[in-house]
Amino acid sequence: CAVTWQLVAAQQKFQDHAGHWDDLNRKLFDGHPLLDSLFVGPLVKYFASNGVLLAIRSDASGATGMLLLAPARPGIMMSFFPSQTPIGPVLLASLDDTPSLFRALPRTIMALDLYGQDPDYCAAAAKHGVLATEDMHHALTLNIAMQGDFSSYWSARPRKLRQQVTGAINRV
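Model, not experiment: these values are computed from the prediction. (Residues numbered from 1 in each chain as written. Predicted model: local features only at pLDDT ≥ 70, side-chain atom pairs only at ≥ 80, totals over all residues. Heavy atoms only, no water.)

(A) Structural view of the pattern of salt bridges. Applying the stated rule across the entire model yields 2 salt bridges. With a closest N to O distance of 3.9 Å, Asp16 and Lys13 form a salt bridge. Given a relative accessible area of 36%, Lys13 falls into the partly exposed group. Residue Arg26 is joined to Asp23 by a salt bridge in which the shortest nitrogen-to-oxygen separation is 2.5 Å. Here Arg26 and its partner Asp23 are both found in helix α2 (residues 18–29), 3 residues apart, which amounts to about one turn of the helix. Residue class for Arg26 comes out partly exposed when judged on its relative accessible area of 47%. Residue Asp23 is classed as partly exposed on the basis of its relative accessible area, which comes to 42%. (Salt bridge = Lys/Arg side-chain N within 4 Å of Asp/Glu carboxyl O. Buried < 20%, exposed > 50% of the residue type's maximum accessible area, 1.4 Å probe, protein only. Helix = DSSP H or I, 4+ residues; strand = E, 2+ residues; numbered from the N terminus.)

(B) A look at unusual backbone geometry. With a phi close to 55°, Asp30 is a non-glycine residue in the positive phi region. Here Asp30 shows up in the loop between α2 and α3 (37–47). The exposure class of Asp30 is exposed, given its relative accessible area of 72%.

(C) Broad picture of the side chain of Ser37. Along the chain, Ser37 falls in helix α3. Residue classification places Ser37 among the buried residues on the basis of a relative accessible area of 8%. Beyond its immediate chain neighbours, meaning those up to four positions away, Ser37 contacts Phe14, Ala18, Trp21, Asp22 and Pro42. (Contact = heavy atoms within 4.5 Å.)

Below you can see the structure in the form of structure tokens.
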């Protein structure tokens, strides 16, 4: 099955592909809200330069991968990663998809930096050693595993904390 990459101007074409973007987000990352087109679309609209590209990986079944790329410096492309988002908008099942992407990019591109990838929601977590990769940790994020409902969680917090929060809310 032939895999192809299409590179289009993100500012002009992202909204045309928003439905496919959301389908992939649901399929790959259970509909992560920070990867939803309702969040990513305005980032592209208001913060992307003319050089930002939407890369679309397709096979006979349709779009199977998408990411937003921006020129970083000579020879290097990077994921589009404005300061307004905590996660880089990359929808790839694994990094095995990237060798064919390099063939679609201009021949002067030698490296691809994928910034802001959450290990719970990114292709880097599924890398299989196809490429030389280097992980550089950017920031730690907090996940809270919830057991039961919010009332159970809140009642297990220290009494003094609950009183302080309730007092702050009442002052507002």
